[in-house]
Amino acid sequence: MVGKKVVISFVSLILLVGVIVGVVVVVHKNGDKDGGKTTNVQKKKVDEFCLPTAYKDACVKSLDKVAHNESATMKDYIMAAFDATVEEIKKSQHETGKTNVDKDKDPYNHMALEDCKELLQYAVEELESTLKVVSDNEMKSLQEKVYDILNWVSAVYSYQSDCIDAINKPEYKSAIEKGLVNATQLTNNAIDIVAKISSTLQDSNFQIPDGFMNRKLLDANYQMGQDGYPTWFPAADRKLLADSPTPNAVVAKDGSGQYKSVAEAIKAYPDKHQGKYIVYVKAGEYNEQVIIDKKQPNVFIYGDGAGKTIITSDKNVKIALYSTQDSATVSAVGQGFIAKGITFRNTAGPPGEQAVALRIQGDMSAVFDCNIEGYQDTLYYQTHRQFYRNCVISGTIDFIFGKGTAVIQDSTIILRKPGVGQKWNTITADGREVQSQPTGLALQNCKITAENELLSTKIVENYLGRPWKAYSTNVVMESEIGDFIKPEGWMIWDKEQFHQTCECYEYGNKGPGAGTSARNKLFKNFKVLSQQEATKYTAGAVWFRGNEWLAGTGAPFYLGLGGK
């Protein structure tokens, strides 16, 4: 019936996908005489299930446990595919553990290998958590779970990719890469399978009846309270974010707080803490590295304002021999990280090359009213969904980069003068590697400018970005672009063909550098988006789902185009 609202379970959705891709779900049960037919039907089920995947042979092999089970459901197939992926990552983890690098003789690769082991552990933990969600059939909110699963599995792939990228010595790199082949292929397949489900859900235009889904899944402007927060948002958190929050820990260099360093305050995070862990950092310059662990979710750190509360360090790749990941002044691995009114700074300068000021890995993180200052690789949106608002972000080469999904709204992007011998700057370098991943970077309503020292030199070429990986997705929309940006706009990645497959888009930009007629013709998929197409990269779109979680961060935001 036209207009009829449909409630559909996750298992029903999988069955629907099966029908759409031609999966045969009817199993012959006529005894031994039909044994051959049953085998053919089961084979066809497996082949069709694996149809959307990039590595079909690996997919078929991963389903061996259910391939001969006549009563297996599509959910069983999903479980088998995920189970096999977990097992392969564990095998890779075991093999990686056999590799050792002398810390004194090769400090960089020693650190990179330790990062690799840690990243593979994250991959196992997050994929096992995803598997539990599927196993428990906690799928009452279809849209929420399907897209969350796609986000989680995309992060699992990125962890494996980061593991390989971090190691620079060929003999170590090739060994780790070889050990991860099966795991990365199966993770790629898992992304493809879940992406097929999500695209089917979108194409089907299902409507969920009122009262079935939590209100947070609806538009964030739906049933807004008088205090500006959606009615579904907990009253305690509304009060917390509306008022000056009462901190769990106060940091002050002069000794007027409980702690003199930010790292000490984070270390004091209580076991099994519930709710937000609030850290107030008083004005001052704190020269230290801070790591917010995966087991420390919902850290809310705020200062007396950017430029007043400063967390700084000078760790870097070239001179100090830190890995890119470990060079970060502040690393936020725990989910739900929020920062407000702080400067995150890395002072290594151009000689240090990669030197991260802020690295965020945790899902549903938000940073607002902050400065993020560095040169090369300033802001690392490593994995998962991240939101930035009213920030000042400065740097030189690839200074906003990562493999997660980041939306940066109403911020100032400042290009700086690079070091001696560095002839160009690139703002963005997204690392999307799998075509089915819903990841990428969007700059919206930002001002792209340059410091005077850069403007005074004519030898540096400045670009909006370049593709770090094959399906790199970089979107610049509704932003003001200065005339120091090259008319070509986008720079190719040397010795790679990523410009043939990446997605570099623009929409509704203004300013002397916003003209698109001379954009780099080597970028096969470059496009000036239509309004409808640009909407797909906003905070309220499927790829980001900001309507589900942004209100809980306290950051100002809008979900669509034009500041709405």
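Up top you'll find the structure we're talking about.
No experiment lies behind these values; they were computed from the predicted model shown.

Q: Lay out the pairing of strand β16 (residues 397–402) in plain terms, naming residues and giving numbers.
A: Across the 6 residues that make up β16, a large majority, 6, are buried. Examined bridge by bridge, strand β13 (residues 379–381) and β16 share 3 bridges and lie parallel to one another. Residue pairing for β16: Y381 is matched across the bridge by G402. Sheet topology places β16 next to strand β19 (residues 424–430); 4 bridges connect them, and they run parallel.

Q: How would you summarise the sheet that holds strand β9 (residues 343–346) if you had to cite specific residues and measurements?
A: In spatial order, the strands read β3-β6-β9-β12-β15-β18-β21-β24; together these 8 strands make up an open sheet with parallel pairing. Each of the sheet's edge strands pairs with one partner strand only, and the pair in question is β3 (284–287) and β24 (480–481).

Q: I'd love a proper account of the state of the cysteines, names of residues and values included.
A: Enumeration over the complete set of coordinates arrives at 2 disulfides. Two residues, C50 and C59, share a disulfide whose sulfurs are 2.1 Å apart. Because the torsion about its S-S bond is -80 degrees, the bridge between C50 and C59 counts as left-handed. The pair C50 / C59 is uniform in exposure class, with both members buried. Between the sulfur atoms of C116 and its disulfide mate C163 the distance is 1.6 Å. Within this pair, whereas C116 is found in helix α6 (residues 107–136), its partner C163 is found in helix α7 (residues 142–166), the two being separated by 47 residues in sequence. The same class applies to C116 as to C163, namely buried. Taken N- to C-terminal, the disulfide-bonded cysteines of the protein are connected 1-2, 3-4.

Q: Could you give an account of the packing of aromatic side chains, with specific residues and numbers?
A: In the structure shown here, the tally under the stated rule is 10 aromatic pairs. An angle of 85 degrees between the planes, with centres 5.3 Å apart, marks the rings of Y537 and W543 as edge-to-face. Residue classification places Y537 among the buried residues on the basis of a relative accessible area of 14%. The ring of Y375 has R416 lying over it, and the distance from NZ or CZ to the ring centre is 4.1 Å. Lying across the ring of W493, R466 places its NZ or CZ 3.6 Å from the centre.

Q: Outline the side chain of S92, listing residues and values.
A: Structurally, S92 is set in helix α5 (residues 74–97). Taking relative accessible area as the criterion, S92 reaches 1% and is therefore assigned buried. Of the polar contacts made by the side chain of S92, one reaches the backbone oxygen of G179; its length is 2.7 Å. Sequence-distant contacts of S92, that is, excluding residues within four places in its chain, are made with L120, G179, L180 and A183.

Procedures and definitions
Along each chain, numbering runs from 1 in the same order as the chain's sequence is written. Totals for whole chains, interfaces and linings use all residues, but because this is a predicted model, local features are given only for residues with pLDDT of at least 70 and pairs of side-chain atoms are given and counted only at 80 or more. For the side-chain quantities, the full set of heavy atoms in the structure was used; hydrogens and water were omitted. Only protein chains enter the area calculation, which uses a 1.4 Å probe; residues under 20% of their type maximum are buried, those over 50% are exposed, and those in between are partly exposed. To qualify as a helix, a DSSP run of H or I must reach at least 4 residues; to qualify as a strand, a run of E must reach at least 2; elements of each kind are numbered from the N terminus. Note on pairing: two strands pair once DSSP finds at least 2 bridges between them. To count as a disulfide, a pair of cysteine sulfur atoms needs to be within 2.5 Å. Any pair of Phe, Tyr and Trp rings, taking the six-membered ring for Trp, is counted once the centres come within 6.5 Å. Such a pair is stacked with planes under 30 degrees apart, edge-to-face with planes over 60 apart, and tilted for the rest. Two conditions define a charge sitting above a ring: the NZ of Lys or the CZ of Arg must be within 6 Å of the ring centre, and it must be within 35 degrees of the ring normal. Nitrogen and oxygen atoms within 3.5 Å of one another constitute a polar contact, given that in protein one can donate a hydrogen and the other can accept it, and given that sequence-neighbouring residues count only through two side-chain atoms. Contact criterion: two residues are considered in contact whenever any of their non-hydrogen atoms come within 4.5 Å of each other.

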